[in-house]
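# Structural overview for review
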Amino acid sequence: DDPRRPRRVVVLGRELVAWQSSEGWRVADDACPHRLAPLSMGRVDQQGRLACRFHGWRFAPDGACAACPNAVGPPLQSGERVGLRHLYETRVAAGLLFAWLDPTSSPTGEPPLPAGFAPTDTPTWAVTVPDVTWQSMVENALDPSHAPHAHSGTFGSKMVAMDRFDLTASTPAGLDLAH
């Protein structure tokens, strides 16, 4: 992926932009405060600032407006902070980007990862979102007999049938089963 390209992300209907700044990954609402143009259509400049494609406003890693190319004189003389409305706190864990989408609070601890999920700096998989409801996705993901039948001949054929299983742990992060 091109690190100069911001990425559009939609989470629970909220349009966001993610970019790799000079200080790490950042996530904000995907709207420039100037004219509400999608920031995901812009670019990341050499200093790691997010640049809006519409008028070139640039936003520093802390979300403050760092440059207004068409303004005469020093930018933002008022002393008030002008910048991105919401800049969400982010963490990278196991090669995944996590964003805390509640601007009124801060996360506690590290993001919860599924049991046995090994951290890596080289992701080897991608996420796709099929055109089905979230209820169907959850039902199929939690159904141990789904994969061997629906995905036979691919990864489903390598699965072991779960004739009997024991619940070994139940945590807020999920269930651990042994068979």
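Below, the structure is looked at part by part. (Residues numbered from 1 in each chain as written. Predicted model: local features only at pLDDT ≥ 70, side-chain atom pairs only at ≥ 80, totals over all residues. Heavy atoms only, no water.)

## What about the environment of Ala 71?
Convention followed: Going along the chain from the N terminus, every DSSP run of H or I of four or more residues is numbered as a helix, and every run of E of two or more is numbered as a strand.
The topology assignment puts Ala 71 in the loop between β7 (65–67) and β8 (87–93). In sequence terms Ala 71 and Trp 57 are 14 residues apart; their C-alpha atoms lie 9.9 Å from each other.

## Brief notes about the sheet that holds strand β2 (residues 14–21)
The cut-off we apply is this: Should DSSP find at least two bridges between two strands, the strands are taken to pair. Only C-alpha atoms enter the line fits that serve as axes; for helices the fit covers just the stretch in contact. Angles between N-to-C directions range over 0 to 180 degrees.
If you walk across this open sheet you meet the 5 strands as β1-β2-β3-β8-β9, and the pairing is antiparallel. Whereas interior strands pair on both sides, the edge strands pair on one side only; in this sheet they are β1 (7–11) and β9 (96–100). Between one strand axis and the next, the sheet turns by 35° as a mean value, whatever way the strands run. Summarising the sheet, β2 and strand β3 (residues 24–29) pair through 6 bridges and their orientation is antiparallel. Of the residues in β3, the one forming a bridge with Gln 20 is Trp 25.

## Focus: the sheet that holds β7
One key point about sheets: their strands pair by backbone hydrogen bonds, in either a parallel or an antiparallel sense. Across the sheet, 4 strands lie side by side as β4-β5-β6-β7; this open sheet has antiparallel pairing. Looking at strand neighbours, the two that pair on one side only are β4 (43–44) and β7, the edges of this open sheet. Pairing analysis gives 2 bridges linking strand β6 (residues 58–59) to β7, with the strands arranged antiparallel. Looking at β7, one finds that Arg 58 is bridged to Ala 67.

## A look at the side chain of Ser 21
Which entries qualify depends on this criterion: Any N or O atom pair separated by 3.5 Å or less is treated as a polar contact, with the protein-specific requirement of one donor-capable and one acceptor-capable atom, and with residues adjacent in sequence counted only for side-chain atom pairs. Contacts were defined at the residue level, with two residues in contact if any of their heavy atoms lie within 4.5 Å.
With respect to the helices and strands, the residue Ser 21 is situated in strand β2. Reaching out from Ser 21, the side chain makes a polar contact with the backbone nitrogen of Glu 23 at a distance of 3.0 Å. Within the structure, the side chain of Ser 21 is placed 2.8 Å from the backbone oxygen of Gly 24, a separation counted as a polar contact. Among all residues touching Ser 21, those that are not within four sequence positions of it are Arg 26, Gly 48 and Pro 61.

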